[in-house]
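Fold and contact review
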Amino acid sequence: MRHIPLLTIGGGIGGMTTALALARAGFDAHIVEQAPEFSEIGAGIQLAPNALRILDSLGVLDAINEVAVRPRNLVFLHAETGKHLTTIDFGTAFRERYGQSYSVLHRGDLLDVLLAACREHPKVTLENSRQVVDIEEQGTSAVVHFADGESYRTDALIGADGLKSRARQLFSDDTPVTDAYVAYRGALPMNQVDLPVEQDDEIIWIGPNRHLVQYPIRRGELYNQVAVFRSPSYTPEVEHTDQWGGPDELTEAFATSCEQVRDSVKMFNTSRRWPMYDREPLDNWTRGRVTLLGDAAHPMFQYLAQGACQAIEDADCLARQLVKHSGDIDEAFAAYQAERIPRTALVQRVARGWGQVWHAHNDTPVSALRDRVFTRRSADDFTDLDWLYQPLAA
């Protein structure tokens, strides 16, 4: 049985960042990924300053900037009336306050940057087509069994294997939780977008039971859109089927929206939908020599655009704690989860609540208060962002 000192399951953004952070901290990092190649499904991803500071420290920010877009503003509009609600200015004051700007890019471009950096690092080993079928936690080691019959023994196993994590099964028998919302995603060449879009801004249209996010990616060559709505046909009985949240419901959900939103929704390729899931926060995600990271530990709804950002924070924290504790796995894992669980649980819970604020029905106390607060704040008032974007105490 082959021995691997540090083994990460999952070669997505969280796993790849973890490998790079560990390698740059002086540790041998080994990733196993079940897919035949490292790739990301979907289109756009948002990176806030809390993630960009870490990516900068890992030496990949320049490469990210080559393919990313830095929006000038984040603009909230009402999906039905088109009314301007509020703007967040991502300019000089924002950058000075948080040490980085705000960037949007293609998920595949981000993974490609991380993958290239890992391939160039002599301490990173990458393996594809490695499907994990079982994990044994054995106190001072863990054993990972693969579908081809081979097994690896490791001193430290990092489960970065996503929403449906096998590693998480060591800690909980919980299942992903849906809020009955479905997303449709896509990106079009900018020259095919026949809309009065503002190419320097990210735009979020919010309204009852729905929202639409729009921003340019890939150096401004593509226009990314995400339409999200609550499915009226969802029931627990049909959850794992395609009998809810279909294209007809997408059209119906946005039928009372303003003209620009309706026209935007018509541009979607509706061949694939993404049901929205999170899970209840865990109060422990370390057992012996196994710990969790990213969506395996704390999957969250997308309303704060922090899923990848929190996985990046996890990777940084884990590498720091291993350095701080001189490679002692037990001490490092304990310190890692002690630092990360309160932070990620808060982000998970706030993301849920933020979705409820976005999707509140018109003429309700929640929507009235939301619109009052939004319209009264100035574009350079960042008070409510500090908890999320300011540097954390190491």
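The structure reproduced in this document is the subject of the present report. It should be emphasised that the depicted structure is a prediction, and the values quoted were computed from it without experimental measurement.

**Notes on the environment of His-30**
In this fold, His-30 is placed in strand E2 (residues 29-32). Every residue in contact with His-30, bar those within four places of it in the chain, is listed here: Arg-2, Ile-4, Leu-6, Leu-7, Thr-8, Thr-125, Glu-127 and Tyr-152. For His-30, the side chain forms a polar contact with the side chain of Glu-127, separated by 2.6 Å.

**Topic: the pairing of strand E10 (residues 151-159)**
In terms of residue burial, E10 counts as a mostly covered element, since seven of its nine residues are buried. Relative to E10, strand E1 (residues 2-9) runs parallel, the two sharing seven bridges. Paired with Thr-8 across the strands is Ile-158, a residue of E10. Relative to E10, strand E9 (residues 142-146) runs antiparallel, the two sharing four bridges.

**A few points about the sheet that holds strand E12 (residues 201-207)**
Strand order in this open sheet of seven strands is E5-E4-E12-E13-E14-E11-E15, and the pairing throughout is mixed. The open sheet has two edge strands, strand E5 (84-89) and strand E15 (274-278), and neither has a second partner. Within the sheet, the average angular offset between the axes of one strand and its neighbour, ignoring direction, is 20 degrees. Inspection of the sheet shows strand E4 (residues 73-78) paired to E5 by five bridges, in the antiparallel sense. By the bridge assignment for E5, Phe-76 is matched with Thr-86. Helix H9 (residues 329-358) rests against E4, E12, strand E13 (210-217) and E15 of the sheet, and its axis sits at about 70 degrees to E12. Against the sheet, helix H10 (residues 365-376) contacts E4, E5 and E12, and its axis sits at roughly 45 degrees relative to E5.

**Let's talk about the nonpolar core**
Ranked by size, the top nonpolar core spans 104 residues in total, and within it Leu-47, Leu-55, Ile-64 and Leu-110 carry the most contacts. For this core, the leading source of residues is H9, giving eight residues. Not counting residues up to four positions away in its chain, the partners in contact with Leu-47 are Leu-52, Leu-55, Tyr-102, Ser-103, Leu-105, Leu-110, Cys-309 and Ile-312. With 24 residues, the next largest nonpolar core counts Leu-77, Val-182, Tyr-234 and Cys-258 among its residues.

**Here we look at the environment of His-106**
Tracing the backbone shows His-106 in strand E6 (residues 103-106). On the basis of relative accessibility, which here comes to 14%, the residue His-106 falls in the buried class. Sequence separation between His-106 and Gly-44 is 62 residues; the distance between their C-alpha atoms is 4.4 Å. In contact with His-106, other than residues within four places in its own chain, are Gly-42, Ala-43, Gly-44, Ile-45, Ile-217, Arg-218 and Leu-222.

**Points about the packing of helix H8 (residues 307-324) against H9**
Where H8 contacts H9, the axes come no closer than 8 Å and their chain directions differ by 155 degrees. Here H9 runs roughly antiparallel to H8, going by the angle between their axes. For the element pair H8 and H9, the recorded crossing hand is right-handed. Residue-level contacts link Gln-310, Glu-313, Asp-314, Cys-317, Leu-318, Arg-320, Gln-321 and Leu-322 of H8 to Ile-329, Ala-332, Phe-333, Ala-335, Tyr-336, Glu-339, Arg-340, Arg-343, Thr-344 and Val-347 of H9.

**Some words on the pattern of salt bridges**
Enumeration over the complete set of coordinates arrives at 23 salt bridges. With a shortest N-O distance of 3.0 Å, Arg-320 and Asp-316 are connected by a salt bridge. In this pair, Arg-320 and Asp-316 both sit in helix H8, four residues apart, roughly one turn of the helix. On the basis of relative accessible area, Asp-316 is assigned to the partly exposed category, the value being 21%.

Analysis parameters
Residues numbered from 1 in each chain as written. Predicted model: local features only at pLDDT ≥ 70, side-chain atom pairs only at ≥ 80, totals over all residues. Heavy atoms only, no water. Helix = DSSP H or I, 4+ residues; strand = E, 2+ residues; numbered from the N terminus. Contact = heavy atoms within 4.5 Å. Polar contact = N/O pair within 3.5 Å; in protein donor to acceptor, adjacent residues only side chain to side chain. Buried < 20%, exposed > 50% of the residue type's maximum accessible area, 1.4 Å probe, protein only. Pairing = 2+ DSSP bridges. Axes fitted to C-alpha atoms, helices over the stretch in contact; angles between N-to-C directions. Core = buried A, V, L, I, M, F, W, Y, C linked by side-chain atoms within 4.5 Å. Parallel < 35°, antiparallel > 145°, perpendicular 65-115°, else oblique. Left-handed = near helix turned anticlockwise from the far one by under 90°. Salt bridge = Lys/Arg side-chain N within 4 Å of Asp/Glu carboxyl O.

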